[in-house]
Amino acid sequence: MPQPLRVLVVALVTLAALLTGPACVPLGGNGEKPPAGPPAGPPAFGAYVGYDSTAVRRISELDGWVGKATPRVGRAFLPGDRWSRIEGEPGHLDHWAQWRKGRKDRMLVLNVPMLARNEAHLSDAYVRQQLARGARGEYDEHFRVLARRLVALGVPDTVLVLGWEMNGITYTHRCGPDPATWKRYWTRIVQTMRAVKGQRFRFEFTPNRGRDAIPWTYCYPGDAYVDVIGMDAYDQPEGMPFEEQVHEPYGLAAHVRFAKKHGKPIAYPEWGLFRNGDNPEYVRGMLNWFARHRPLYQTISDYCPHGVWQCRDNPRSSAVYRSLTARPFG
């Protein structure tokens, strides 16, 4: 083959490979290209409307309010004040299990604290000591009990948001005081719960959006022990536009890139309005982000000041949420 023709063929083959190879993850914002072809249907969505038995009724009412779209995700949490509640004490999860089993396409998402006295604002020294005890296996039985209860209730496929917002300072199960030990403890919990017969749990690693007290990447326990990479993303701090929330260090775009690099689906168990009040542009930005990036699920925190249905303080955002959620996609 003549040299000029050979060069042309090589160039065409290289171009074809580039065009058919894996696409880069779009980062949001101006100039971003949406995925090619029609969307595959809305990502699964729901709302946090409480964790007691009345919350199940509220999900049905939310279904009527949004119209065409159907909430398929129920999100609850286990109070972390004492170990008996982290174990999912009898009666606490029954109504959620019944709701989940009512339809095959539903998903139960459960926030699971890693330590008792989880919102007691305890010292870093105490946190380090507790993480070390957990990493040694002293708390294994609590998580074994929880796993067995979920399997017995018929919800062995629950998504477990374990040790959420670990990069912040709110919870005793925070990572900052000792990231290495925190990761060992997370690993031990996952191994303990996966060893329970009949389980099909998915374990979700969910930091706060942004850097917070420690970069959340420092806390990541490894691909073998994480099934979903989530992010809690509220409209804060005051004055920060949505585009900056996308592109800030450890923000929404970084989250998508990180999950793609590790081959994990993304999720948004907590999002909603906050420091910027009734902000329809934020709600529009988040819903379009979900439509573009196809998370496993997303659940808005639907109470004041974050919500759009139960909270009447945000009428403009409520109108945007209701309109966009009823679209054929996102």
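Just so you know, these numbers come straight off a predicted model, no measurement behind them.

Each value, and the rule that gives it
- Residues numbered from 1 in each chain as written.
- Predicted model: local features only at pLDDT ≥ 70, side-chain atom pairs only at ≥ 80, totals over all residues.
- Heavy atoms only, no water.
- Helix = DSSP H or I, 4+ residues; strand = E, 2+ residues; numbered from the N terminus.
- Buried < 20%, exposed > 50% of the residue type's maximum accessible area, 1.4 Å probe, protein only.
- Arc of directions from axis to C-beta.
- Contact = heavy atoms within 4.5 Å.
- Salt bridge = Lys/Arg side-chain N within 4 Å of Asp/Glu carboxyl O.
- Core = buried A, V, L, I, M, F, W, Y, C linked by side-chain atoms within 4.5 Å.
- Polar contact = N/O pair within 3.5 Å; in protein donor to acceptor, adjacent residues only side chain to side chain.
- Phe/Tyr/Trp six-rings, centres within 6.5 Å; stacked < 30°, edge-to-face > 60°.
- Lys NZ or Arg CZ within 6 Å of the ring centre and 35° of its normal.

Structural notes on unusual backbone geometry
- Cis geometry is found at the peptide bond from Gln236 to Pro237, where omega equals -5 degrees.
- Positionally, Pro237 belongs in the loop between β7 (233-234) and α8 (242-247).
- Cis geometry is found at the peptide bond from Cys304 to Pro305, where omega equals 10 degrees.

Considerations on helix α2 (residues 53-66)
- For α2, the full list of buried residues reads Ala55, Val56, Ile59, Leu62, Trp65 and Val66. The buried residues of α2 occupy one face: seen down the axis, they fall within an arc of 165 degrees.
- Buried residues in α2 make contact with β1 (44-48), β2 (73-77), α4 (94-101) and α11 (315-325).

Concerning the pattern of salt bridges
- In the structure shown here, the tally under the stated rule is 17 salt bridges.
- One salt bridge in this structure joins Arg58 and Asp52, with 4.0 Å as the shortest N-O distance.
- Between Glu89 and Arg82 there is a salt bridge; the shortest N-O distance is 4.0 Å.
- Judged by relative accessible area, which is 41%, Arg82 ranks as partly exposed.

Observations regarding α11
- Buried within α11 we find Ser317, Ser318, Val320, Tyr321, Leu324 and Thr325. Down the axis of α11, the buried side of the element spans an arc of 165 degrees, and every buried residue falls inside it. Away from the buried face of α11 by more than 90 degrees, exposed residues Pro315 and Arg316 are located.
- Looking at the buried positions of α11, the neighbouring elements they touch are β1, α2, β8 (266-272), α10 (280-293) and β9 (297-301).

Points about the nonpolar core
- Formed by 78 residues in total, the largest nonpolar core has its most connected members in Phe143, Tyr185, Phe205 and Tyr321.
- If near-sequence neighbours (up to four positions away) are discounted, Tyr321 is found in contact with Phe45, Gly46, Trp65, Val66, Trp271, Val283, Leu287, Ile300 and Val308.

Quick notes on the side chain of Arg174
- Relative to the assigned elements, Arg174 resides in the loop between β4 (159-162) and α7 (179-194).
- Relative accessible area serves as the criterion here: at 7%, Arg174 is assigned to the buried category.
- A polar side-chain atom of Arg174 sits 2.8 Å from a polar atom in the side chain of Asp124.
- Excluding anything up to four places from it in sequence, Arg174 contacts Leu122, Ser123, Asp124, Val127, Leu131, Met166, Gly168, Ile169 and Trp182.

Comments concerning the packing of aromatic side chains
- What the rule picks out here adds up to 24 aromatic pairs.
- Taken together, a centroid distance of 6.1 Å and an interplanar angle of 75 degrees make the contact between Trp216 and Tyr250 edge-to-face. Of this pair, Trp216 sits in the loop between β5 (202-205) and β6 (228-230) while Tyr250 sits in the loop between α8 and α9 (252-261), and the two are 34 residues apart along the sequence.
- A network of ring pairs unites the aromatic residues Trp65, Phe242, Tyr268, Trp271, Tyr282, Phe290 and Tyr321 as a single cluster.
- Between Arg117 and the ring centre of Tyr126, over which it is positioned, the NZ or CZ distance is 5.7 Å.

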